[in-house]
Amino acid sequence: MEKVTVEKLRAAVHTARDAAERLNLNGCDVSELDEIIEPIHRELDSNQPNVRTLATYLNSLARSLRADPAGRSACLGLDAAMREAGVPTDWEH
């Protein structure tokens, strides 16, 4: 995975995390999202990120935010970064 693609994924994850805070989710919900985000960062830090692992966690993150209009914008950013990186998307299903 190219460095620029990894950085776009990182930026999309960061935006999604920020959106979660703005959604006024209770602390438990935000901490659950942090549990999803941690393995994403581990994969992105590795020399060869596992696309399947990224797909699992990135889609889970997107599904967590998709219902709220502010979260939907973050989902679309994740979706675009995932597609560019060749990570399968299924968060809409």
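Figured I'd write up the structure that's included with this text. (Residues numbered from 1 in each chain as written. Predicted model: local features only at pLDDT ≥ 70, side-chain atom pairs only at ≥ 80, totals over all residues. Heavy atoms only, no water.)

### So, the overall build of the chain
Basically, it comes down to this: Counting from the N terminus, the helices are DSSP H or I runs at least four residues long and the strands are E runs at least two residues long. Computation of the radius of gyration draws on C-alpha atoms alone. For the globule rule, the value is 2.2 Å times the number of residues to the power 0.38. Only protein chains enter the calculation, and the probe is 1.4 Å; a residue is then buried if its accessible area is under 20% of its type maximum, exposed if over 50%, and partly exposed in between. Whether two residues are in contact is decided by their heavy atoms, any of which lying within 4.5 Å being enough. In this description, accessible areas are obtained by the Shrake-Rupley approach with a 1.4 Å probe, and a residue is regarded as covered only by the protein chains that are shown. Charged-residue counts in this description rest on Lys and Arg as positive and Asp and Glu as negative, His and the chain ends being excluded. Where a charge sits is defined by one atom per residue type, namely NZ (Lys), CZ (Arg), CG (Asp) or CD (Glu).
Tallying secondary structure elements over the chain gives four helices and zero strands in all. If you list the helices and strands of the chain from N to C, you get α-α-α-α. Scaling as 2.2 N^0.38, a compact globule of 93 residues should have a C-alpha radius of gyration of about 12 Å, and the chain matches this with 12 Å. Burial status across the chain gives 39% buried among its 93 residues. Look at the contacts in the chain between residues 6 or more apart in sequence, and 62% of them connect residues 24 or more apart. For the chain, the accessible area works out to roughly 5400 Å², and carbon and sulfur atoms hold 46% of it. Separation of charge centres in the chain, based on 11 positive and 16 negative side chains, amounts to 4 Å.

### Describing helix H3 (residues 51–65)
Which entries qualify depends on this criterion: Here the expected length of a helix is defined as 1.5 Å per residue gap, with one fewer gap than residues. As used here, the arc is the angular range of directions from the helix axis to the C-beta atoms. Throughout this description, a polar contact denotes any pair of N or O atoms lying within 3.5 Å of each other; where both atoms belong to protein, one of them has to be capable of donating a hydrogen while the other can accept it, and for residues adjacent in sequence the pair is counted only when both atoms sit in side chains.
With 15 residues, H3 extends 21 Å between its outermost C-alpha atoms, agreeing within 8% with the 21 Å of an ideal straight helix rising 1.5 Å per residue. Looking only at H3, the buried set comprises Leu54, Ala55, Leu58, Asn59, Leu61, Ala62 and Leu65. Projected down its long axis, H3 shows its buried positions confined to an angular sector of 160°, all on one face. For H3, the N-terminal capping position is held by Asn50, with its side-chain oxygen 2.9 Å away from the main-chain nitrogen of Arg52.

### Overview of the packing of helix H1 (residues 3–22) against H3
Stated precisely, the cut-off is as follows: Only the stretch in contact is used when fitting a helix axis, every axis being a line fitted to C-alpha atoms; angles between N-to-C directions are given from 0 to 180 degrees. Here roughly perpendicular refers to angles of 65 to 115 degrees, roughly parallel to angles under 35, roughly antiparallel to angles over 145, and oblique to all remaining angles. Left-handed describes a crossing whose near helix is turned anticlockwise from the far helix through less than a right angle; right-handed describes the clockwise counterpart. Under the convention adopted here, Pro, Cys and the residues Ala, Val, Leu, Ile, Met, Phe, Trp and Tyr are nonpolar, Asp, Glu, Lys and Arg are charged, and Gly plus all remaining residues are polar.
Put simply, H1 and H3 touch, their axes get as near as 11 Å, and they point 30° apart. On the basis of their axis angle, the class for H1 and H3 is roughly parallel. Relative to H3, the crossing made by H1 is left-handed. Contacts between H1 and H3 pair Leu9, Val13, Ala16 and Ala20 from the former with Leu58, Leu61 and Leu65 from the latter. Among the residues making up the contact of H1 with H3, the classes are represented as seven nonpolar, no polar and no charged.

### Thoughts on the environment of Val13
Structurally, Val13 is set in helix H1. The exposure class of Val13 is buried, given its relative accessible area of 1%. Separated by 69 residues in the primary sequence, Val13 and Met82 place their C-alpha atoms 10 Å from one another. Once residues within four sequence positions are removed from consideration, Val13 is found in contact with Ile37, Ile40, His41, Leu58, Leu61 and Leu78.

### Notes on helix H4 (residues 69–85)
Under the 1.5 Å per step criterion, the end-to-end length of H4 is 25 Å for 17 residues, consistent within 8% with the ideal 24 Å. Buried residues of H4: Gly71, Ala74, Cys75, Leu78, Asp79, Ala81, Met82 and Ala85, and no others.

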